[in-house]
Structures are given as C-alpha cells and as structure tokens.
Amino acid sequence: MRRIAAVRKDISKSLGFVIPSVRIKDDLNLEPNFYQIKIGQKIVAEDKLYPGRILTIPTGDSNVALDGEKVIEPTFGLEAYWITESQRALAESRGYVVVEPESVLTTQLTRMIEMHASELVGQDEIKQIVDKLGEESPSLVESVVPKIIPFHNLTAILKKLLEEQLPIIDMRKILEVVAELSGRNLSISDTAEALREHVVPLLLQRLVSHKDPIPVITLEPSFENVLINTDRQNQQEDLIIDANLSKTLLTKLGEISEEQMALGKSAFLIVSPIIRRKLAKLIRSHLSDLNVLSFTELPETKKVDVIGTISGAPEDE
C-alpha cells in the first residue's frame, strides 16, 4: 500500500492535480495472484502476478528463450516470462530486463492513471488548483477566472490536455495563455490545441532524458499530404481514411513503438499541425502509448533522432 501511495503522489506531482483514491483488489494467498485496478467505479485493468518470481522482458539482445511462465507484460503488451529468482543472473546475462512483481503492478498502475487522468479531474479539483495559485498570483487568477473563462470551460480544456497525457502542472502559464487567447473566440478544442506548445516541454521532460534526443517517427511527405487532402475533402470531425491505409499506418507505428518500449523509451510521431489533432485521436484509440506532436511543438533547444519514416505502402521498400 505504501508503494501505491507513493505512485499516486508522484503522478500527482507530474500531472498537476491530486489523484483520488485508486483501489486494487487481489488475493495474496493465491499463485498466480490475480488482481484488478479500479479507478472510480470502473475496472481499468486486471492481470496476475507470481509472488516469489521475477518478470523478465526480452530486448533486441535477448534471443534465447527462458524456462518460465510465458505471458504478455500487462502495461505495454510485450512478451515476457515469469522465472524463478535462481534464473536472475542467467536472464540478465542474456539481455533480459528484470522486473520485480511489485514494480510490475506499480508500473501498470502508473500507466492506468495517466491514461485515465482526464476522467479523474473535475471542476472541484480545478478550483482547488486555481485557488492555490490565487494565493501566489491573486491578480492573474482574478483577471482570468471566471471573468475571461468560467470554471466549467477551463475544466473542459484541461481535460483535453490530459486526454493526451499532457501535464497541467504549470497553471500559471496556462491561465496567462488563456488570457492571451481570449479575443480569438476559440472553441474548447482549439484553445486546448493552442495551449499544447506551452505544456509539451513538460511532457518531454518527463519521458525523455535531458541529455538524449527525442526519438521521433515521421510520415513520408506524400503520404502526409494524402492524409491532409483526404481530411479537407471529407470535412468531418474525425479523420476518415481508407481502412487499408489506416491498418498500414497503425501496424507500422505499432511495430516501431513496440521496439522503443522494449528499450524502455517513448516514441513520438511528428506531423503537420494541420492534421495533428485528428490523427492523434485516431491513433490514440489503438496505440495509447504513442504521443503525436506537431513539428511546431518541438522545443528548438532539443535535438531529435528520426527512428522511422512511414509511407502509405503496405510494405516499405
């Protein structure tokens, strides 16, 4: 329970609001130990642990199978093995990532909270954050909330950011930008999109080491133009593209993203701001761990490493 409390505290710091109670139901007397993670009234995950064993996840260097219980790692969907402690040295020598049972659970808990963050915050939570900021910057808060934007609209905007796992910890900057945007009569979605470039650096700070370049995936220019032109012709709320094209895109993105996860890294798809929001919505429903950024959101001071470029062809040459 202490580990769970620590997870909630850490995520509260990184996302910018206090995470409410999260319940985990399990039976420690059974092996395997089946458990459920419940956020609010909804079961968001369930899997099993093997107390007394360790989970090993293969990397690109681990090409020899281990003698253990083969499973799918619950957080990122990677092939893994539950092995005995006596095999730890062998697993490490073969290039496997070794994870303790408690870490398996807390990692999944962290991921579930991040994925469902937008469901955990409401007007009461946002008011608490704004009231706290008001103690430090009363003039800013009084001039923006609720004069320029009411709490329910501010909450809706912040939920949009949290849906894509963007932190709302810098409420001062958020309110300053909202004030600057007030004369443009933007929708909730457009306001959230305009705020992104100011909070994306905090996301990158959490997911990418300061000294490392950002691992990015790009779209081949002609393929990206096809997506943009298709969206312009359809003029729908969602991005409507050919089913085969969508399958090709998601399959290739999934393969590259899985390779990065096996290395313990996050991948970022970089696209034109014209198509970013709709493409992100399409991808999020299939690949929740892949962040979609526009090239205008990349910090100028941060280097990038292009780890893949995707075309619309079923098989890249």
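What counts as what
Residues numbered from 1 in each chain as written. Predicted model: local features only at pLDDT ≥ 70, side-chain atom pairs only at ≥ 80, totals over all residues. Heavy atoms only, no water. Pairing = 2+ DSSP bridges. Helix = DSSP H or I, 4+ residues; strand = E, 2+ residues; numbered from the N terminus. Axes fitted to C-alpha atoms, helices over the stretch in contact; angles between N-to-C directions. Contact = heavy atoms within 4.5 Å. Parallel < 35°, antiparallel > 145°, perpendicular 65-115°, else oblique. Left-handed = near helix turned anticlockwise from the far one by under 90°. Nonpolar A, V, L, I, M, F, W, Y, C, P; charged D, E, K, R; others polar.

A. The arrangement of the sheet that holds strand S8 (residues 214-219) in detail. Reading across from one edge, S10-S9-S8-S11 is the order of the four strands in this open sheet, with parallel pairing throughout. A strand with exactly one partner marks an edge of an open sheet, and here the two such strands are strand S10 (291-294) and strand S11 (304-310). Taken pair by pair, the neighbouring strands of this sheet meet at an average axis angle of 35°, ignoring direction. Examined bridge by bridge, S8 and S11 share six bridges and lie parallel to one another. Directly across from Leu219, in S11, lies its bridge partner Ile310. Strands in contact with helix H10 (residues 221-234) are S8, strand S9 (268-271) and S11; relative to S8, the strand with the most contacts, it is inclined by about 70°. Across the sheet, helix H12 (residues 276-284) is in contact with S8, S9 and S10; its angle to S10 comes to roughly 175°.

B. Structural view of the packing of helix H7 (residues 151-163) against helix H9 (residues 188-207). Look at H7 against H9: their axes get within 9 Å of each other, and the N-to-C directions meet at 55°. When the interaxial angle is binned, H7 and H9 end up oblique. In the crossing of H7 with H9, the sense of the turn from one axis to the other is right-handed. Side by side, H7 and H9 meet where Asn153, Ala156, Ile157, Lys160 and Leu161 of the first sit next to Ile188, Ser189, Thr191, Ala192, Leu195, Arg196 and Val199 of the second. Here the contact of H7 with H9 is composed, by residue class, of seven nonpolar, three polar and two charged.

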